[in-house]
Amino acid sequence: MKIHEYQAKEMFAAYGIPVDQSIICRSVEDAVKAYEQLDVRKVIVKAQVHTGGRGKAGGVKLANGEAELRRHAAAILGMDIKGFPVDRILVGQAVHIDKEYYVSYAIDRRSKSAILMLSREGGMEIEEVAHTTPEKIHKFVIDPSIGVPDYLAREAAFTLFDDIASVRRAAVIFQKLYKLFVESDASLAEINPLVLTQEGEIMAIDAKMTFDDNALYRHPKIAALNEPTEEEKKEQSAKDKGFSYVQLVGEIGCMVNGAGLAMATMDMIRLYGGHPANFLDIGGSSNPTKVIEAMKLLLDDKHVKVVLINIFGGITRCDDVASGLLEALRQIKTEVPIVIRLTGTNEKEGRALLQGTRLHVAETMGEATQQAVTLSEQSPDAKNHTL
Ligand code: GDP
Ligand code: MN
């Protein structure tokens, strides 16, 4: 789970990590009030969205004076950054930056521990630094039974700073950030950039925290900050209905019983040159309401041009699935072509029920998948289907 920069900065401050002074705002008027409260001439206005690279996208702007602040606040509040509409901005005291550094704790699968990552190339996207100049990233594996003792914190700080005063200050920040990382069950605690100001101070002017969803039950205050995206909401509501659902970007909506079969179906779609619109495991029941709900879920995705249903009847009876499907189609009016492959228990009865309907009935998985891919290529008009 992600939180916003201003929320992460509140946590930093609570742990004694120096941050720039800032106020969260929801309107231009709020921003003007914040400006008066901060009582400085120069402020920084920053979009609060659950994605990085805001600076590059124009979501971070320095404002010199109230008129400029109003202009930037209004512009940023109307922005959409990588699909995230901006409804909040952080107005902070502008800092005189001398140097920018990168600092983070993350979970490292290879060492099965937390890892401290540092770089003098702060402010840039760390993935890019890791790709082009990996030698500029320093890594310290943290032994969970020891944590970050003074000597380790200082050794780490020496990779960024050359003078002992800065090393001492940074070392303390690394220790506090580790404490926060562990105590909040975070999967990432990142400062990019940590800055050395012209006045010689060291502080975090950006803050990013991601938490382990499986540990959120221990942190109700953090869990309350959750703001799921439309996609996450959809996946959660599917989960509540007993489905395993993952939204993808293709055009073939899949309804499958069993996770393994669903994976195999997606592989086969790719083999024949198509793209799955989702992973959907409806589980082992042939309950018609489940089929209806699954159908609604698929057709709710405007990218779906074809629905491919792949059922292996074990305990699930194919004739039950067929009648569930017919009931679903009585309730949901759709022009989207549907290909169905039924095999296993009562498959003949199931197929017989679907004879004479507009469904494309196939016997093998290969046949069904190929048909679905062909139909998806042929039917651009199915794009604007309605429920
Ligand atoms: P991100 O692009 O989403 O990571 O947003 P950041 O908060 O990291 O801001 C991007 C860049 O804006 C930083 O790397 C700094 O160079 C610059 N910046 C942020 N705050 C200040 C500030 O107070 N003063 C100055 N001069 N630059 C700032
Ligand atoms: Mn940043």
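All figures in this text were calculated on a predicted structure; none of them were measured in a lab.

On to the site of ligand 1. Close to ligand 1 lie 17 residues, the nearest being Lys46, Arg54, Gly55, Val95 and Glu100. Interatomic distance of 2.6 Å between a side-chain N/O atom of Arg54 and an oxygen atom of ligand 1. Contact between ligand 1 and Val95: an oxygen atom at 2.8 Å from a main-chain N or O atom of the residue. Within the complex, the protein chains bury 81% of what would otherwise be the 570 Å² of accessible surface of ligand 1. Among the cavities detected, the one that contains ligand 1 is the largest pocket. Of all the secondary-structure elements, those providing two or more residues to the shell around ligand 1 are β2 (42–47), β3 (60–64), β7 (97–108) and β10 (186–197). By residue class, the composition of the shell around ligand 1 is eight nonpolar, five polar and four charged. Each of domain 1 (1–20 + 96–227) and domain 2 (21–94) accounts for three or more of the residues forming the shell around ligand 1.

Moving on to helix α5 (residues 150–158). Each α-helix turn comprises 3.6 residues. Residues three or four places apart therefore point the same way. Every buried residue belonging to α5 is among Leu152, Ala153, Ala156 and Ala157, and all of these are buried. For α5, the angular spread of buried residues about the axis comes to 135°, placing them on one side. Along its buried surface, α5 packs onto β8 (113–119), β9 (137–142) and α6 (164–183).

One pass over the structure, following the stated rule, counts 20 salt bridges. The salt bridge involving Lys46 is made with Glu5; its shortest N-O contact spans 2.7 Å. Pair noted here: Lys46 is in strand β2 and Glu5 is in helix α1 (residues 5–14), with a separation of 41 residues, a long-range link. Pair check on accessibility: Lys46 and Glu5 agree, each one buried. Here Arg54 and Asp206 are joined by a salt bridge, their closest N and O atoms 3.1 Å apart. Linking Arg54 in the loop between β2 and β3 with Asp206 in the loop between β11 (202–204) and β12 (208–211), this pair joins segments that are 152 residues apart in sequence. Judged by relative accessible area, Arg54 falls into the buried class, the value being 8%. Judged by relative accessible area, Asp206 falls into the buried class, the value being 18%. Through salt bridges that share partners, Glu5, Lys9, Asp20, Lys46, Arg54 and Asp206 make up one connected network.

In this section: the layout of surface pockets. Of the volumes computed, that of the largest pocket is approximately 1,200 Å³. Around the largest pocket, the lining is made up of 46 residues, and of these Gly53, Gly123, Asn192, Pro193 and Asp206 lie nearest the centre. Only α1, β2, β3, β7, α4 (126–132) and β10 provide two or more residues apiece to the lining of the largest pocket. Here the lining of the largest pocket gets five residues from one element, more than from any other, and that element is β7. Across the lining of the largest pocket, the residue classes break down as 19 nonpolar, eleven polar and 16 charged. If you count residues domain by domain, the lining of the largest pocket takes at least three from each of domain 1 (1–20 + 96–227) and domain 2 (21–94). Taken as a whole, the second largest pocket spans an internal volume of roughly 600 Å³. For the lining of the second largest pocket, the secondary structure elements donating two or more residues are α8 (230–240) and β13 (244–247). Considering each element in turn, the lining of the second largest pocket owes the most residues, five residues, to α8.

It is worth spelling out the sheet that holds strand β6 (residues 89–93) at this point. Whenever strands of a sheet pair, they do so through backbone hydrogen bonds, lying parallel or antiparallel. Taken in spatial order, the four strands of this open sheet run β1-β6-β2-β3, and their pairing is antiparallel. The open sheet has two edge strands with one neighbour each: β1 (22–25) and β3. Each strand axis lies, on average, 25° off the axis of its neighbour in the sheet, ignoring direction. By the bridge criterion, five bridges tie β2 to β6 in an arrangement that is antiparallel. When the bridges of β6 are listed, Ala47 appears paired with Ile89. Contacting β1, β2 and β6, α1 runs over the sheet at an angle of about 45° to β6.

Core analysis: the biggest nonpolar cluster contains 42 residues, and Phe12, Val103, Tyr105, Leu116, Phe174, Leu177 and Met209 have the highest contact counts within it. Of all the elements, α6 adds the most residues to this core, at nine residues. Of all hydrophobic cores here, the second largest spans 32 residues; its members include Met255, Ala277, Leu299 and Leu359.

What counts, and where the lines are drawn
Residues numbered from 1 in each chain as written. Chains lettered and ligands numbered in written order. Predicted model: local features only at pLDDT ≥ 70, side-chain atom pairs only at ≥ 80, totals over all residues. Heavy atoms only, no water. Near = heavy atom within 4 Å. Polar contact = N/O pair within 3.5 Å; in protein donor to acceptor, adjacent residues only side chain to side chain. Areas by Shrake-Rupley, 256 points an atom, 1.4 Å probe, with all protein chains shown as cover. 1 Å grid on protein atoms, 1.4 Å probe; cavity = no way out; pocket = protein on both sides within 12 Å on 5 of 7 lines; lining within 4 Å. Sits in = over half its atoms within 2 Å of the grid points. Helix = DSSP H or I, 4+ residues; strand = E, 2+ residues; numbered from the N terminus. Nonpolar A, V, L, I, M, F, W, Y, C, P; charged D, E, K, R; others polar. Domains from an automatic or database assignment. Buried < 20%, exposed > 50% of the residue type's maximum accessible area, 1.4 Å probe, protein only. Arc of directions from axis to C-beta. Contact = heavy atoms within 4.5 Å. Salt bridge = Lys/Arg side-chain N within 4 Å of Asp/Glu carboxyl O. Points joined across faces, edges and corners; volume = space filled by probe spheres on them. Pairing = 2+ DSSP bridges. Axes fitted to C-alpha atoms, helices over the stretch in contact; angles between N-to-C directions. Core = buried A, V, L, I, M, F, W, Y, C linked by side-chain atoms within 4.5 Å.

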